[in-house]
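Spelled out, the chains give:
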Amino acid sequence: MNHAIAIKEFTVDQARPLPVFLLLDASGSMAESGKMEALNRAVEEMLATFANEPDVRAGIQIGVIAFGGDVRVHLPLLAAEEAKTKWKPLVAQGNTPLGETLTKVRVMLEDKTCVPSRSYRPTLVLVSDGQPNDEWQA
């Protein structure tokens, strides 16, 4: 009996998580010139594309942190299919707290219950139209 084949029969192939964090500026300046509408549309298209990705080696997970006035987890890290159904468009308001946003994503990246060690290296996508209003250099 070949033991390699016997062991393989009891293992389940599971896609390795590929975390993608979207850091999205939802500050008041994004209300100008259709920027917020364009951002919301682009995120919807991205989520649809990721949800339809057939590659079973990587399970794309999407997390969204919105920053406009305050910093909030708009979507926790979810499978792309689930993120697509739970996405709600952002509304532009307030200032641009980029420093607090970077701190929030760092905490999430370091949390092994959020981003397991078996995950692919996380991808961060930052979309902003202006200067931060807080201390972001640190």
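A brief report on the enclosed structure follows. Here the residue numbers are simple positions, counted from 1 along each chain's written sequence. Whole-chain, interface and lining totals are the exception, using all residues; otherwise, since this is a predicted model, local features are given only for residues with pLDDT of at least 70 and side-chain atom pairs are given and counted only at 80 or more. Values reported for side chains reflect all heavy atoms of the structure, with hydrogen atoms and water molecules removed beforehand.

Quick word on the sheet that holds strand S1 (residues 16-25)
The strand order across the open sheet built from four strands is S3-S2-S1-S4, with neighbouring strands paired in mixed fashion. Since the sheet does not close on itself, it has two edges, and those belong to strand S3 (70-79) and strand S4 (123-127), each with one partner. Put simply, the sheet's adjacent strands are angled 15 degrees from each other on average, direction ignored. Any two strands between which DSSP finds at least two bridges are classified as paired. Strands are runs of DSSP state E lasting at least 2 residues, helices are runs of H or I lasting at least 4, and numbering of each runs from the N terminus. Inspection of the sheet shows S1 paired to strand S2 (residues 58-68) by 10 bridges, in the parallel sense. Paired with aspartate 25 across the bridge in S2 is phenylalanine 67. To define axes, lines are fitted to C-alpha atoms, for helices over the stretch in contact only, and angles between the resulting N-to-C directions are given on a 0 to 180 degree scale.

Details of unusual backbone geometry
With a phi close to 55 degrees, serine 33 is a non-glycine residue in the positive phi region. You can see serine 33 is positioned in the loop between S1 and helix H2 (35-51). Only protein chains enter the accessibility calculation, which uses a 1.4 Å probe; a residue is then buried when its area is under 20% of its type maximum, exposed when over 50%, and partly exposed in between. Exposure remark for serine 33: the relative accessible area of 77% places this residue in the exposed category.

With respect to the nonpolar core
The criterion is simple. A nonpolar core is a set of buried Ala, Val, Leu, Ile, Met, Phe, Trp, Tyr and Cys residues joined through side-chain atoms within 4.5 Å. Core analysis: the largest hydrophobic core is formed by 19 residues, its most contacted members being Leu24, Ile62, Trp87 and Leu90. At the level of secondary structure, the elements contributing two or more residues to this core comprise S1, H2, S2, S3 and helix H3 (80-86). Those residues in contact with isoleucine 62 that sit more than four places away from it in its chain are Val20, Leu22, Leu47, Phe50, Pro76, Leu77, Leu78, Ala80 and Ala83. By size, the runner-up hydrophobic cluster in this structure holds 11 residues, among which are Leu23, Ile65, Leu98 and Val115. Contact definition: two residues touch when any of their heavy atoms are within 4.5 Å.

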